[in-house]
Amino acid sequence: MVNLNMSVSELEEQARQCRIDIIRMLAEAGSGHSGGSLSSVDILVALYFNFMKHDPESPTWEERDFFILSKGHVCPALYTALARAGYFPVEELMTLRKLDSRLQGHPAKNKGLPGIEVSSGSLGQGLGIGAGVALGLKIDGRPNRVWCLNGDGEMQEGSIWESAMAAGHYRLDNLATIVDMNGLQIDGEVCKVMNIEPLDEKFRAFNWNVVKCGGHDMADLLRAYEEASGCKDKPTAILAKTVKGKGVSFMENVAGWHGKAPNADEAEIALKELGAL
Amino acid sequence: MVDMKPTKNGFGEGLVELGRRNPRVVALGCDITGSVMVSLFKDAFPDRFFSIGIAEQNAAQIAAGLSLAGFVPFFSTYGVFASGRCWDQIRTTICYTELNVKIGGAHGGISVGPDGATHQALEEIGNMRAIPNMTVIVPADATETRKATIAAGEMLGPCYVRFGREAVPSWTKEDDPFEIGNANLVRDGNDVAVIACGVMVYEALCAAEELEKEGISVRVVNLHTVKPIDTGAIVSCAEKCGCIVAAEEHQIYGGFCGAVAEQVVQHCPVPMEFVAVDDRFGESGDPEELMSEFGLTSSDIVSAIRNVLKRSGK
């Protein structure tokens, strides 16, 4: 059995392992999204190996928390978290983006990969899906929670704000979204491509609770999840400050690594930096 | 005299009936709740109705989430928005994930009238049938819309039901069969077949009666389910009659006529004529005037039949 109640230091080590998986998967696939996978992986590890209620042996367990990956392109980070948590064999990670793989380039429910709740990849949709699940859980009086992961660039999608409005309106305090605030998108800096700030004030204006945290600081992430879970009558937006490409020096804070995979040489350097070689 | 009734009433009544049969059925409102008759469900089951406001993309997303939580959600708004504004949500979230979400596309067709082109839904059949896993139903009258709504709620998977606002002839019988994917032969004949959906089925029956006086025998098929399409019914028409007219209150490209033609050319090539809106936007006017202006009446079907008979050498 995998330990799903890890300490901060165990989470950090797990995240290092997951970063190694991400580099290996992307290098093997020859394409994919390095920057966002590395910026969001600590967020996912803290959820899956400590905070979220779930059972890898029983992915559709009635009492599970729901996780909706709205920024579907960072699925390598989700796939490694799921595999390491025990949802499917770790070896399967190396099939990423290949024909007949359950690990599609963006999450695909119809491929039957355990732990994937919904297909995603078209930005702006996950928050509303999460709100719908949260509403459904409320109707049934179930205590499960819903966790979403959004990107900061994704905040530019209008549909996000339709969903934010509805989640505030229905006081969905069983819903939290974590915004991976890595500050970069394909065309460059989020603030220059289309400024989303002040994001905290925007969410508050939509009747949300806002929590800020360091997105690579496990203790701070756990504190943020705790605060979100304790908030009554409002959904919570966790604005997690991250570094795009975190953990690999030449990928950090470089927009060009958004949708690029490392070649064999680059992967070797990255794996050395991560202590894999 | 045939009774007149808006097909949207059938949708509202069907939704209430479904609500009685299945406590997991819930409905979302997009501000025009009364106009699309979801208000009947809201009155009957106030705890199972959720207002989403003027936000179709979010309505589709919330519906997706509700289905993940084990509900059978319906969202309904005017067809232009239901099938257009949130097309990507329907495609990627609902259909790709194969979620059990039902969409009521109201105010279908040119017959919405004075509101004009912005509100006259003429592209929904094409929009919806292009997406894998989607079921698309265009019922012929209010009675059939009620049955279609219930059937949509009782099948598993995404489904779009198209209906209209205006009172139209209510001619199908309570005990007529309705099964998703099975066309209904509503008039037998062997010179020419008219395959139609929605209000055009009644227009086809009127055309058939008129031509009977001249000794022309017209077969009429109500192909209420555009997808999955009843290939067998279409092949029977081709084999029995040797020529086909397809009729829809919708754009000529990408919609119902195209769907019928796709089957004809692959399985039973015979001459075909289309009765549909000829690749143009609608405009304001009385519903009846517009049906005539846009070539969607029984006399337009009569002309199409004469053309296809001529082409067939009959």
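What you see is a predicted model; the values in this text were computed from it and never measured.

Moving on, we come to unusual backbone geometry. The amide bond that connects Glu197(A) to the next residue, Pro198(A), takes the cis arrangement and shows omega of 0 degrees. Topologically, Pro198(A) is positioned in the loop between α6 (190-194) and α7 (199-205). Of note, the phi angle at Asn253(A) is positive, near 60 degrees, even though the residue is not glycine. Of note, Asn253(A) is situated in the loop between β7 (236-241) and α9 (264-273). One non-glycine residue, Met37(B), adopts positive backbone phi at about 70 degrees. Structurally, Met37(B) can be placed in the loop between β2 (25-29) and α2 (38-44).

Now for helix α2 (residues 34-51) of chain A. All names here are of chain A. The end-to-end C-alpha distance of α2, which contains 18 residues, comes to 25 Å, matching closely the 26 Å that a straight helix rising 1.5 Å per residue would cover. A bend of about 40 degrees at Val41 is the largest found in α2. For α2, the buried fraction is high: 17 of the 18 residues fall into the buried class.

When the parts come together, some accessible area is lost, and that loss is often what is quoted as the size of the interface. The interface of chain B with chain A comprises 22 residues on the first partner and 28 residues on the second. Taken over both partners, the interface formed by chain B and chain A buries close to 2100 Å², and the fraction arising from carbon and sulfur atoms is 58%. It is Gln61(B), Leu68(B) and Tyr96(B) that lose the most area in chain B upon contact with chain A, and together they represent 27% of the buried surface on that side. Our count for the chain B to chain A interface comes out at one salt bridge. Two residues, Arg24(B) and Asp140(A), come together in a salt bridge whose shortest N-O distance is 2.8 Å. The interface formed by chain B and chain A includes nine residue pairs in polar contact (both at pLDDT 80 or more).

All right, on to the domain arrangement of chain B then. Residue and element names in this part refer to chain B. Domains assigned within chain B are domain 1 (3-170) and domain 2 (184-311). Relative to domain 2, the C-alpha centre of domain 1 lies at a distance of 25 Å. The interface of domain 1 with domain 2 comprises 31 residues on the first partner and 34 residues on the second. Taking both sides of the interface into account, the surface hidden between domain 1 and domain 2 amounts to around 2300 Å²; carbon and sulfur atoms contribute 58%. When the buried area of domain 1 at its contact with domain 2 is split by residue, Ile110, Leu122 and Arg129 rank highest and sum to 29% of it. In this assembly, domain 1 and domain 2 are joined by one salt bridge. Across the pair Glu262 and Arg129 runs a salt bridge whose closest N-O atoms are separated by 2.7 Å. Seen at the junction of domain 1 and domain 2, the total is 21 residue pairs in polar contact (both at pLDDT 80 or more). The element best represented in the side of domain 1 that touches domain 2 is helix α6 (residues 124-129), accounting for four residues. Per-class residue counts for the side of domain 1 that touches domain 2 are 16 nonpolar, eight polar and seven charged.

Following the criterion strictly, the structure yields 14 aromatic pairs over all chains and no others. With 5.7 Å between their ring centres and 65 degrees between their planes, Phe250(A) and Trp257(A) make a pair best called edge-to-face. Among the residues examined, Trp257(A) registers a relative accessible area of 6% and is labelled buried. Ring centres 4.4 Å apart and planes at 20 degrees place the aromatic pair Phe11(B) and Phe163(B) in the stacked group. One end of the pair, Phe11(B), is in helix α1 (residues 7-21); the other, Phe163(B), is in the loop between β7 (159-162) and β8 (167-170), with 152 residues separating them in the sequence. The burial state of Phe11(B) is the same as that of Phe163(B); both residues are buried. The rings of Trp161(A), Phe203(A), Phe206(A) and Trp208(A) are connected pair by pair, giving a single aromatic cluster. Here the basic side chain of Arg145(A) rests over the ring of Trp147(A), its NZ or CZ set 5.4 Å away from the ring centre. Its guanidinium or amino end placed over the ring of Trp257(A), Lys260(A) lies 4.3 Å from that ring's centre, counting from NZ or CZ.

Okay, the pairing of β7(A) next. Residue and element names in this part refer to chain A. With five of six residues buried, β7 is to be regarded as a mostly interior element. Of the pairings in the sheet, the one linking strand β3 (residues 175-181) to β7 comprises six bridges and is parallel in character. Residue pairing across strands places Val179 opposite Leu239, the latter belonging to β7. Alignment of strand β6 (residues 209-214) against β7, held across six bridges, turns out to be parallel. Considered in β7, the bridge of Asn209 is made with Thr236. With helix α8 (residues 218-230) bridging β6 and the parallel β7, this β-α-β connection has right-handed handedness.

Procedures and definitions
Residues numbered from 1 in each chain as written. Chains lettered and ligands numbered in written order. Predicted model: local features only at pLDDT ≥ 70, side-chain atom pairs only at ≥ 80, totals over all residues. Heavy atoms only, no water. Helix = DSSP H or I, 4+ residues; strand = E, 2+ residues; numbered from the N terminus. Expected span 1.5 Å × (residues − 1). Bend = angle between axes of the 7 residues up to and from the residue. Buried < 20%, exposed > 50% of the residue type's maximum accessible area, 1.4 Å probe, protein only. Contact = heavy atoms within 4.5 Å. Buried area = accessible area lost by both parts, 1.4 Å probe. Salt bridge = Lys/Arg side-chain N within 4 Å of Asp/Glu carboxyl O. Polar contact = N/O pair within 3.5 Å; in protein donor to acceptor, adjacent residues only side chain to side chain. Domains from an automatic or database assignment. Nonpolar A, V, L, I, M, F, W, Y, C, P; charged D, E, K, R; others polar. Phe/Tyr/Trp six-rings, centres within 6.5 Å; stacked < 30°, edge-to-face > 60°. Lys NZ or Arg CZ within 6 Å of the ring centre and 35° of its normal. Pairing = 2+ DSSP bridges. Right-handed = clockwise from strand over helix to strand, strands pointing away.

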